[in-house]
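Fold and contact review
One letter stands for each residue in the lines below.
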Amino acid sequence: MTARLLRCQRLLGVVVTMLCLLGLAAYSTMPRQEDPTFPARAGLLTVSYPGASAEAVERLILQPLSDELRQVEEVDYTKGTARTGVAIVNIRLNQTIYDTDAAWDRVRQAMDRARQDFPKDVGRMSLDDRLISTPTVILAVGGAPSVTELSDVAERLKNNLLDLPGLSRISMDGEVDEQITLALDDAALYRLGISPARVMDTLAQRNQTIPGGFVVSHGRRLSVLPNSEFADIEAIRATPIQLPDGSQVPLAAAAEVWRGPQEPRQPETWFDGERVVLLALYMEEESTDAIRFGRDVRQRLAQLRPEFAPYSIREMFFQPDKVEERLDNLAWSLVLSVLIIVAVVFTGMGLRMGLLVASILPMVALISIGLYDLGGGVLHQIAVIGMVISLGILIDNAIVIVENIQANLDQGLRRMEALTQSVRELAGPLGASTGTTLAAFAPLLLSKGGTADFTRGIPVMIMLTLSVSYLLAISAVPLLAARFLKARAQVRRDPLAGLASVLGDLVARRPLRLIGAGALLVVVSLSMTPFMKLQFFPNADRPRVVVEMFMPEGTDQGRTAEVAARLEQAIRAQPEALQVHRFVGFSGPSFYYNLLRAPQAPNRGRLVIKTPSLADTAPLMRWIRAHVAEQLPELDVTVGVLGQGPPRAAPVEVRVFHADDGTREQAVKRVFQALRSAPGTVDVRHDLDLGVPSIAIQVDDASAARHGLNRSDVAQSLYGQSFGVVAEQYRQEDDPIPLVLRSREGTQLPLSRLLSTNIYNTQGHAVPLSAIATVDTSWEPAARYQRNGVRVGTVTANLLPGYSFSQALDGLQQSLAEQPLPAGTRMEFGGDAEGSGKANNALLTTAPIGILLLLFFLILQFNSFRRVGIILLTVPLATVGIFPGLVLSGSPFGFQSLLGIIALVGVVVNNAIVLLDVMDRCLEQGQQIRQAVRQAVEQRTRPILLTTATTVAGLLPLAFSSSTLWPPMAWAIISGLLASTVLTLLVIPSVCAMVIREPVKELENAPA
């Protein structure tokens, strides 16, 4: 291999140069995002059943749906909500599903099967299977008091943006659809002898679209267009309605006709106090550069704004700016890490050797980026972090190779001989050490689920850069070293050489004491684990406060809007509030990947507040909670900042199951009280509701039959009085506008007039409701909740700064131990506890593969179980620094810390491999074990310490960065590596000195 390498020096140089140029080109053209994209595993199913109670919706809609969805193997769980007139089902696919389109097709087939069991009057059923899609840009169109006008302007703007390069789709929020209301005058209808059915039939006959054909004149076809549709509102008012005596009156004599917003009210959006309509722009994921997409959007808007004056087009949320800011910050961290590493290498190795080792950094970085782009990779913060982590590790191979070549040159070998001998000696050990590091990251690469999808860029980039660095270390670096290094006339003894001599002497003379000290340090380190805080993922570092508002179930949207406006006005008076966006009737657009999108509900709202800095969010959140508790007691809020990692409803979530409704309600209240008293919990809420009053119409079937009526006639008449019935479509606009027949008051119909409502039979005769029915009032649940078809109650809580979900759940368990839940109650933990458990289980599922790969490379290199066992001792030695480091730095133990431990295992195992490799070579030369371990420590102290120094130095920018995501991982690696490096240099050789006596024996060719 070495001979072939020497013969292909020029070819190798050209290949490396071309790959570096490929990396440069890829970096300037590859797609950029802030965070990875999650597979579309979340969906929202909505079924409309107008007029049905929550109990009827659950029984007739939710239950058949749940039965069918449970038969879809790809579905992980369903969360069903039954409200008056609507069923909502949140569907989550299994975390192992990546072909989501096929899975959603099976879900739709289950929906079709369930629909066969629905009542015939069930309305529209729709499935949104892109629930977690995040818009790249959200624009707010304002500048007019009329929302209808703004909706038209937003629609026009949307049409002007549809051809943007890289655009996937555009959705609108806060727009108002129109309807033409035909408010029937009940008294006039009765006086004229007209029934609503007569009006509907007349409108249908008058508004038909009937072709008139064509005639030929002078060789040309002339279309004949009959005037068979309503041309304007006046034509509707003038529609003649035939009376029983054969005469006619215009519709205006029996109904008031006007054009206005659709009723009931649709979701509303507000930009800093101004009513606006939103346009959410989604770019094509994993193929479009978000930064370039943002520039194209701004350039197009700059061209369009003069045409849309005096209307305003403002950016509510602009993700490309965040992408550019995040990647720029990480790029500077990368550059700073490189500079620090280069300085460390120059200090420890001198200018000539340091320059050769440092040269591998840009080569590996560029080649890795080029290969990453060829594989369809997207440049986001996770991929960049993977490169930052690998910086200090990847030059380990180059350090060992260059030092070995320099040592051979100092001993008088010729250049090519020094190169050949070094590559022959080190290709195997360095390959094994690289393989073990790859094996350490294999479980993270192969695991599945939301957490793995979020962090997969780290193992991909680390494994790619380490593989490239190994190939360069045994090819390009030796050739450069052989060309530019020269024998030193006198080897200067520096402090590192002196330290290596001291450590080698200590290992040879005091192995037992060193082993005992190492074991004691491991025990002391493990004793600090109770002081660690557990945290799945930290909060984001964006200065945003998100206020989720919940009015009591059954609240009308108008009331929700009033309360939300009052709260917004109070928040604006606070100095921390720079900008406030308000969303009523829904949770607003998902402007951040971690935000859950809730279905429309008249009692829901959200405020998004921008603050000057992240530090300003905590006092503002405290003030909002205190203000709501004092001034708005009917409003329930959860106040928090944006999170990181896979989306979840709340950090703490407890699901309570029991077959009996009353017992389950009692258990939910008990859990609610226990969580409120748990340490660190805030915004504790449950989904129990007080219920809503309902008006039950008790129809006397005998009386109704005497008047030619039945219960269906009563129900349809009442529905038409309040919500209204769509009679026809007005087709003179871009989109058809429904013509809605209803009473003058609509949903504002006074209860006192309910019994005087006229019910019309098939002959058109009017009968007062009071003649055939009585009215009873009752109290019923406003909503019912299911999980996988089983009724459930849920309690959620946010956490105060400095507290973890484990502390809250420990407090809950202690409280429930004193006052247990009712017999038969079952609890499940969601939130961060569930997410952490799923992530850990996903890693444990693939961990055997990593362990097998690790053992494969170790046994391949050493062919000795004893030596493999000694190398694996480095893993517990790494804990000596991890736990104290996290506790002292105040960093919680979470998934980022686990990533740091995985990276740390790869590094410390590498250190042990190069130590034992030197020891085995010394044993083969006939040296005694004490002398062999002494020489191994003396020879490998410099490269091991340099690897540690470069890794630690490369991570310092991350450890002290303003990001909330990466310092825990950086501190886990830094503290663990500092402690384990010293112990690896002392304890591992000491163990070798006690248990190894001779080289690995070869198999003897003994007689059979």
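For the structure given in this document, a descriptive report is provided here. (Residues numbered from 1 in each chain as written. Predicted model: local features only at pLDDT ≥ 70, side-chain atom pairs only at ≥ 80, totals over all residues. Heavy atoms only, no water.)

**With respect to the environment of leucine 93**
Rules: A helix here means a DSSP run of H or I that spans at least four residues, while a strand means a run of E at least two residues long, and both kinds are numbered starting from the N terminus. Working definition: with a 1.4 Å probe on protein chains only, accessible area under 20% of the residue-type maximum means buried, over 50% means exposed, and in between means partly exposed. Residues are treated as being in contact if the distance between any of their heavy atoms lies within 4.5 Å.
Here leucine 93 shows up in strand β3 (residues 86-93). Classification of leucine 93 as buried rests on a relative accessible area of 0%. Expressed as a C-alpha distance, the spacing of leucine 93 and leucine 330, which sit 237 residues apart in the sequence, is 33 Å. Not counting residues up to four positions away in its chain, the partners in contact with leucine 93 are Ala40, Arg41, Glu74, Val75, Asp76, Thr100, Ala103, Trp104 and Val107.

**Brief notes about unusual backbone geometry**
With glycine set apart, most residues show a phi of negative sign, and most peptide bonds adopt trans. In this model, alanine 309 is joined to proline 310 through a cis peptide bond whose omega is 10°. Within the element layout of this structure, proline 310 appears in the loop between α9 (290-308) and β15 (312-318). Phi at aspartate 683 takes a positive value of approximately 55°, unusual for a residue other than glycine. Considering the arrangement of structural elements, one finds aspartate 683 in strand β21 (residues 681-686). Phi at asparagine 788 is positive, roughly 55°, even though this residue is not glycine. Mapped onto the elements of the fold, asparagine 788 is located in the loop between β28 (783-787) and β29 (790-791).

**Considerations on a nonpolar patch on the surface**
In plain terms, the rule: Each patch is built from salt-bridge-free residues with over 30% relative accessible area, joining like charges within 9 Å and nonpolar side chains (Val, Leu, Ile, Met, Phe, Trp, Tyr) within 5 Å. The protein chains shown are the only cover counted for residues, whose accessible areas, like all others here, come from Shrake-Rupley with a 1.4 Å probe. Note on definitions: salt bridges are taken to be side-chain nitrogens of Lys or Arg within 4 Å of carboxyl oxygens of Asp or Glu.
Together, Val14, Met18, Leu21 and Leu24 make up an exposed nonpolar region whose accessible area comes to about 390 Å². Residue placement: valine 14 occurs in helix α2 (residues 9-29).

**What about the packing of aromatic side chains?**
Rules: Ring geometry is summarised as follows: Phe, Tyr and Trp rings, the Trp one being its six-membered ring, pair when their centres sit within 6.5 Å, and such pairs are stacked at plane angles under 30 degrees, edge-to-face over 60 and tilted between the two. A ring has a charge above it when a Lys NZ or an Arg CZ is no more than 6 Å from the ring centre and no more than 35 degrees off the ring normal.
Under the definition given, this model contains eight aromatic pairs. Seen in terms of ring centroids, phenylalanine 38 and phenylalanine 454 are 6.1 Å apart; in terms of plane orientation they differ by 5°. Their pairing is stacked. Residue phenylalanine 38 is found in the loop between α2 and β1 (42-48), and its partner phenylalanine 454 is found in helix α15 (residues 450-455); the two are separated by 416 residues along the sequence. Looking at phenylalanine 38, the relative accessible area reads 15%, which means it is buried. Its end group placed over the ring of phenylalanine 318, arginine 298 keeps NZ or CZ at 3.8 Å from the ring centre. One cation-aromatic arrangement involves arginine 826 over phenylalanine 657; the distance from NZ or CZ to the ring centre is 4.1 Å.

**Digging into the sheet that holds strand β31 (residues 826-830)**
Convention followed: Whether two strands pair comes down to DSSP finding at least two bridges between them. Every axis in this analysis is a line fitted to C-alpha atoms, fitted for helices over the stretch in contact. Angles between the N-to-C directions lie between 0 and 180 degrees.
One open sheet holds the four strands; their spatial order is β21-β30-β20-β31, and the pairing between them is antiparallel. Each having just a single partner strand, β21 and β31 make up the two edges of the open sheet. Neighbour to neighbour, the strand axes of the sheet diverge by 20° on average, direction disregarded. Both strand β20 (residues 652-657) and strand β30 (residues 793-799) contribute to a ladder of five bridges, which runs antiparallel. The partner of valine 652 across the bridge, within β30, is alanine 797.

**Topic: the pattern of salt bridges**
Here the structure, examined in full by the defined rule, presents 51 salt bridges. Arginine 867 is the partner of aspartate 920 in a salt bridge, and the nearest nitrogen-oxygen pair spans 2.9 Å. One end of the pair, aspartate 920, is in helix α29 (residues 895-924); the other, arginine 867, is in helix α27 (residues 865-872), and 53 residues separate them in sequence. Since its relative accessible area comes to 11%, aspartate 920 is described here as buried. Via salt bridges that share partners, Glu653, Arg655, Arg787, Arg826, Glu828 and Glu834 belong to a single interconnected network.

**So, the side chain of threonine 269**
Spelled out, the test is: Polar contact is defined as a pair of N or O atoms within 3.5 Å, subject to the rule that within protein one atom must be able to donate a hydrogen and the other to accept it, and that residues adjacent in sequence are counted only when both atoms are side-chain atoms.
Tracing the chain through its elements places threonine 269 in strand β13 (residues 268-271). Threonine 269 gets classed as buried once you look at its relative accessible area, which sits at 0%. Among the polar contacts made by the side chain of threonine 269, one reaches the main-chain carbonyl oxygen of valine 276 at a distance of 2.6 Å. Beyond its immediate chain neighbours, meaning those up to four positions away, threonine 269 contacts Asp173, Gly174, Glu274, Arg275, Val276, Val277, Leu278, Arg582, Phe583 and Phe586.

**Notes on the side chain of arginine 940**
Note the threshold: We treat Lys and Arg as the positive residues and Asp and Glu as the negative residues; His and chain ends play no part in the count.
Mapped onto the secondary structure, arginine 940 falls in helix α30 (residues 929-959). The buried charged residue arginine 940 lacks any salt bridge, with aspartate 917 as its nearest oppositely charged partner at 4.6 Å.

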